[in-house]
Amino acid sequence: QVQLVESGGGLVQPGGSLRLACAASGFAFGSYPMSWYRQTPGKERELVAGVLSGSEGRNYQDYVMGRFTISRDNGKNTVYLQMNSLKPKDTAVYFCSVGYCRPLEGFAPWGPGNQVTVSS
């Protein structure tokens, strides 16, 4: 029943910006924390940022601090990731998830994600 659909990725030059969106359905979105992860080939999926249900708390990993902003609109059941000053190392498949510092059990498995490619 739980569905998470990521969008907004694409190809961008270094220093550019993208805004990812994750549309959620099938659960009480406004009652749960949400987060963004990313994964590159040969590496484990890593947490990028998380936001609590009412946006009263946010968490960012060191490598995106000051460049990325996570936000949410509970009226639209959508969580966003604004990515500025993008670097080639940010190239990855980005996923959204229900949870804060780790995915919560009992929700849908990972979806296909959304590709972000930062290249000249």
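A brief look at the structure comes next. Keep in mind the model is a prediction, meaning the values are calculated, not measured.

## Some details on the nonpolar core
Working step 1: Ranked by size, the top nonpolar core spans 27 residues in total, and within it W36, V79, L81, M83 and Y94 carry the most contacts.
Working step 2: Contributing elements (two or more residues each) for this core: β3 (18-25), β4 (34-39), β5 (46-51), β7 (68-73), β8 (78-83), β9 (92-98) and β10 (114-118).

## Focus: the sheet that holds β7
Working step 1: The antiparallel open sheet is built from 4 strands, whose spatial order is β1-β3-β8-β7. With one partner strand each, in any of the chains shown, β1 (3-7) and β7 form the two edges of the open sheet. The sheet shows a mean angle of 15° between the axes of neighbouring strands, taken without regard to direction.
Working step 2: Pairing geometry for β3 and β8, over 6 bridges, is antiparallel. When the bridges of β8 are listed, L20 appears paired with L81.

## Overview of the sheet that holds strand β6 (residues 58-60)
Working step 1: The strand order across the open sheet formed by 6 strands is β2-β10-β9-β4-β5-β6, and the pairing between neighbours is mixed. Only two strands of the sheet have a single neighbouring strand rather than two, namely β2 (10-12) and β6. The mean inter-strand angle of the sheet, taken between neighbouring strand axes irrespective of direction, is 25°.
Working step 2: The sheet contact formed by β4 and β9 spans 6 bridges and is antiparallel.

## Some words on the pairing of β7
Regular strands place side chains that alternate from one sheet face to the opposite one.
Working step 1: The two faces of β7 differ: F68, I70 and R72 on one face are buried, but T69, S71 and D73 on the other face are not.
Working step 2: When β7 meets β8, the two strands line up antiparallel, connected through 6 bridges. Looking at β8, one finds that D73 is bridged to T78.
Working step 3: In this structure, the hairpin formed by β7 and β8 is closed by a connection of 4 residues, where N77 is found at a positive phi of approximately 55°.

## Overview of the state of the cysteines
Working step 1: Scanning all chains against the criterion turns up 1 disulfide.
Working step 2: Its sulfur unpaired, C101 is 17 Å from the next cysteine sulfur, which belongs to C96.

## Regarding the side chain of S97
Working step 1: Counting through the fold element by element, S97 comes out in strand β9.
Working step 2: Assessed through its relative accessible area of 5%, S97 is described here as buried.
Working step 3: Here S97 is in contact with L4, P33, M34, S35, Y37, P103 and W110, once residues within four sequence places are set aside.

Definitions and limits used
- Residues numbered from 1 in each chain as written.
- Predicted model: local features only at pLDDT ≥ 70, side-chain atom pairs only at ≥ 80, totals over all residues.
- Heavy atoms only, no water.
- Core = buried A, V, L, I, M, F, W, Y, C linked by side-chain atoms within 4.5 Å.
- Buried < 20%, exposed > 50% of the residue type's maximum accessible area, 1.4 Å probe, protein only.
- Helix = DSSP H or I, 4+ residues; strand = E, 2+ residues; numbered from the N terminus.
- Pairing = 2+ DSSP bridges.
- Axes fitted to C-alpha atoms, helices over the stretch in contact; angles between N-to-C directions.
- Disulfide = S-S within 2.5 Å.
- Contact = heavy atoms within 4.5 Å.

Just distances and angles here, no functional claims.
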